[in-house]
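# Per-entry structural report
As a plain string of letters, each chain reads:
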Amino acid sequence: MKALRVHAWGEPPRVEELPDPAPSPGRSIVRMHAATVGHIDRTIWSGAFLRHPPLPYIPGVEGAGVVVHSERFAAGQRVWLRGAGLGTVRNGTWCELVDAPDHALGALPEQVPMALGSAFFSPSTSAWVALHDVGQVREGQRVLVTGATGAVGSLVLQLARDAGAQVRAVYFDEEQRSRLPAHFDAVSADALAPEADLLLDTVGGDALPAALRGVAPGGRAVLVGYAGGTETRLDLPELLQRDIALLPLNMFRREASGRAAAPALLERLAQGRLQLEVTEFPFEQAGAALEWITRRGHRGRAVLVL
Ligand SMILES: NC(=O)c1ccc[n+]([C@@H]2O[C@H](COP(=O)([O-])OP(=O)(O)OC[C@H]3O[C@@H](n4cnc5c(N)ncnc54)[C@H](OP(=O)(O)O)[C@@H]3O)[C@@H](O)[C@H]2O)c1
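By the naming in an unreviewed UniProt entry, the protein chain goes by Zinc-binding alcohol dehydrogenase family protein and is assigned to Ramlibacter henchirensis.

Below, the structure written as C-alpha cells:
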C-alpha cells in the first residue's frame, strides 16, 4: 500500500510503498478515502506534542473510508476513524489501508461525503464539549466566540445559537470581520464591554486578554486553542477581582464525551443543519496542507483525498 511517512520531526512526509496490513482480532482494516490534516497533526509532526509515535511514523489522527475487514462492521461499511492512539501513539490515517483498533471506527451516514466525514470529528465534538460540558451553556446566556472564521469557532457559533444562547463573534480587524459566517452578530474586540456570561476562545495569544474584557464579573472562559499564539499575559488582580473562571478544554481527556456526541452531530451535518467547510488536497500534497492550515485567512479543514 501507499503511505505517507515522517522520518524526522518537522521534515516533509514521504510517499512510500509499505506492506498491506493483515487481519487480526480486535482490529479493522479500512481502505481510506480521505484523511484530515489538522493542527494536532502538525503539532505531533513538529515533535512538540506530549506524546508521539516512534519514528518513522504515518501521521493522521482522523479519516474516513470503507471497511475491508472487521469483526465489528461488515465489509463495505462507510466509516470515520478517530482516537485509540491513531496518529498520536501509533501509525495514523495518511495511508491507503489503515489497521486500526475496532473502537476507533464509527458508522458514517451515506449522506455525509467522505471528506466531511473525515474532518467533522475534531471541530464539531470540540465545539460541542467546550460549549456544553466545559462551558455549561444555558438558554438565553450571552456568549462570545473568538476565531469564528475558523473550523472550531464557526461550529461553536452555530451550536451556541442552537442552544438558545445570544451568541456574538469577536473579530480583531475589518478584514477578519468580512470573512465571518453570515447571519451572526459580531463585535470588535476593541468595543467589548464586560457583559458576556461565557467566552469560548480558540485564538489564545494576545486575543485572550482582549476577549476576556468582554466577560462579566463571575463569568467563565473556555480556553479551546492557541491558533494566534501559545503564550499570553494576564492581569491577575483584574482577573481575580472580576472572578472569571478560566476553563481549559482537553479533547484527549474528554474523548468519550466527544464520541458520545458524534452521531447526533453527524446527523445535523447530514441534514445541512450544521456547516463545516472542507478543502481537498491530493494525497501527495500533505506538506502543502500542513503549511496551508497555518495561514491566516484559510477556511475550514484540510483533507487529503486518496
Ligand atoms: N483543546 C482541544 O482539545 C482542542 C480541540 C480542537 C482544536 N483545538 C485548537 O483550537 C484552535 C482552533 O482550531 P481550528 O481548527 O478552529 O483552527 P483554524 O480553522 O485554523 O482557525 C483559527 C482561527 O483563529 C484565528 N486567528 C489565528 N491567529 C489569529 C490572530 N493572531 N488574531 C486573531 N485571530 C486569529 C483565525 O482567524 P483568520 O481566519 O482571520 O486567520 C481563525 O478564526 C487550534 O489551536 C487547535 O489546535 C484544541
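Quick look at the overall build of the protein chain now. A tally of regular secondary structure across the protein chain gives 9 helices and 15 strands. The globule rule puts the C-alpha radius of gyration for 306 residues at 19 Å, and the 20 Å found for the protein chain is close to it. For the protein chain, the spread of C-alpha atoms along the three principal axes comes to 60 × 40 × 30 Å. Within the span of the protein chain, comprising 306 residues, buried residues form 52% of the whole. When the 30 positive and 33 negative side-chain charges of the protein chain are each reduced to one mean point, those points stand 2 Å apart.

The next subject is the site of the ligand. Lining the immediate environment of the ligand, one finds 25 residues, of which Thr149, Arg179, Leu249, Arg296 and Arg301 sit closest. A distance of 3.4 Å separates an oxygen atom of the ligand from a polar atom in the backbone of Ala227. Summarising the interface, the protein chains cover 86% of the accessible area of the ligand, which totals 940 Å² for the free molecule. At the level of elements, helix 3 (121–134) and helix 4 (151–162) are the ones that each hand at least two residues to the shell around the ligand.

In this section: the domain arrangement of the protein chain. In terms of domain boundaries, the protein chain breaks down into domain 1 (2–120 + 276–305) and domain 2 (123–248). Taking only C-alpha atoms, the centre of domain 1 and the centre of domain 2 are 29 Å apart. Taken together, the contacts link 7 residues of domain 1 with 8 residues of domain 2. Here domain 1 packs against domain 2, burying approximately 790 Å² in sum over the two surfaces, 49% of which is carbon and sulfur. Of all residues in domain 1, Phe120, Leu276 and Arg299 bury the most surface against domain 2, accounting for 51% of the area lost on that side. For the pair domain 1 and domain 2, the interface holds 0 salt bridges.

Helix 3 sits mainly inside the fold: 11 of its 14 residues count as buried. Of all the positions in helix 3, only Phe121, Ser122, Pro123, Ser124, Thr125, Ser126, Ala127, Val129, Ala130, Leu131 and Val134 are classed as buried. The first or second residue beyond helix 3 is Gln136, which carries a positive phi of 50°.

With parallel pairing, the 6 strands of this open sheet are ordered in space as 10-9-8-11-12-13. With one partner strand each, in any of the chains shown, strand 10 (185–188) and strand 13 (245–248) form the two edges of the open sheet. Across the sheet, the mean angle separating the axes of adjacent strands is 25° when strand polarity is ignored. Judged from the 4 bridges that link them, strand 12 (residues 215–223) and strand 13 form a sheet pairing that is parallel.

Right, let's talk about helix 8 (residues 255–270) for a bit. With 16 residues, helix 8 extends 22 Å from end C-alpha to end C-alpha; this agrees with the ideal 22 Å at 1.5 Å per step. The sharpest bend along helix 8 measures roughly 40° and falls at Ala262, with the proline Pro263 sitting one to four residues further on. Listed in full, the buried residues belonging to helix 8 are Glu255, Gly258, Ala261, Ala262, Leu265, Leu266, Arg268 and Leu269. Buried residues along helix 8 sit against strand 5 (78–82), strand 7 (105–107), helix 2 (114–119), helix 3 and helix 4. At the C-terminal side of helix 8, Gly272 shows a positive phi close to 75°.

This part is about the pattern of salt bridges. In this structure the tally under the stated criterion is 14 salt bridges. Note that Glu284 and Lys2 form a salt bridge whose closest N and O atoms lie 3.2 Å from each other. With Glu284 in the loop between strand 14 (278–282) and helix 9 (286–292) and Lys2 in strand 1 (residues 2–5), the pair connects residues that are 282 residues apart, well separated along the chain. The exposure class of Glu284 is partly exposed, given its relative accessible area of 48%. For Arg242, the salt bridge is made with Glu238, and the minimal N-O distance between the two is 2.9 Å. Residue Arg242 and its partner Glu238 are both found in helix 7 (residues 236–242); the two are separated by 4 residues, about one turn of the helix. In this structure Arg242 comes out as buried when scored by relative accessible area, which is 16%.

Moving on, we come to the pairing of strand 11 (residues 196–201). Buried residues dominate strand 11, accounting for 5 of its 6 residues. Bridge count between strand 8 (residues 142–146) and strand 11: 3 bridges; the pairing is parallel. Counted as the bridge partner of Val145 is Leu200 from strand 11. As defined by bridge partners, strand 11 adjoins strand 12 across 5 bridges and the pair is classed as parallel. Each residue of the ladder has a partner; that of Leu199, found in strand 12, is Ala221. In terms of handedness, the path from strand 11 via helix 6 (residues 207–212) over to strand 12 forms a crossover that is right-handed.

What counts and what doesn't
- Here the residue index of a chain counts from 1 through its sequence in written order.
- A pLDDT threshold of at least 70 governs which residues receive local features in this predicted model, and a stricter bar of 80 or more applies before side-chain atom pairs are shown or counted, although totals over entire chains, interfaces and linings include all residues.
- To get the side-chain values, all heavy atoms of the structure are used, and hydrogens and water are removed first.
- In this text, helices come from DSSP runs of H or I with a minimum length of four residues, and strands from runs of E with a minimum of two, each type numbered from the N-terminal end.
- Note that the radius of gyration is over C-alpha atoms, with the globule rule given as 2.2 Å times the number of residues to the power 0.38.
- Exposure is judged per residue with a 1.4 Å probe applied to protein chains only, and the accessible area is read against the type maximum: over 50% gives exposed, under 20% gives buried, and values in between give partly exposed.
- Neither His nor the chain ends is counted toward charge; the positive residues are Lys and Arg and the negative residues Asp and Glu.
- A charged residue contributes its charge at one atom only: NZ of Lys, CZ of Arg, CG of Asp or CD of Glu.
- Near is defined per residue: the residue qualifies when any heavy atom it owns lies within 4 Å of the molecule or strand.
- Counted as a polar contact is a pair of N or O atoms within 3.5 Å, where, for protein atoms, one must be capable of donating a hydrogen and the other of accepting one, and residues adjacent in sequence contribute only when both atoms are in side chains.
- Residue exposure ignores everything except the shown protein chains as possible cover, and the areas themselves are Shrake-Rupley values with a 1.4 Å probe.
- Annotation comment: domain bounds sourced from an automatic or database domain assignment.
- Residue contacts follow a heavy-atom distance rule, with two residues in contact if any of their heavy atoms lie within 4.5 Å.
- Once two parts are put together, the accessible area they lose, assessed with a 1.4 Å probe and summed over both, is termed the buried area.
- For this analysis, a salt bridge means a side-chain nitrogen from Lys or Arg found within 4 Å of a carboxyl oxygen belonging to Asp or Glu.
- Two strands form a pair only when DSSP identifies at least two bridges running between them.
- The axes used here are C-alpha line fits, helices contributing only the stretch in contact, and every angle between their N-to-C directions lies in the interval 0 to 180 degrees.
- Expected helix span is given by 1.5 Å per residue-to-residue step, counting one fewer step than there are residues.
- Two axes enter the definition of the bend at a residue: one is fitted to the seven residues ending there, the other to the seven starting there, and the bend is the angle between them.
- When the strands point away from the viewer, a crossover counts as right-handed if the route from the first strand across the helix to the second turns clockwise.

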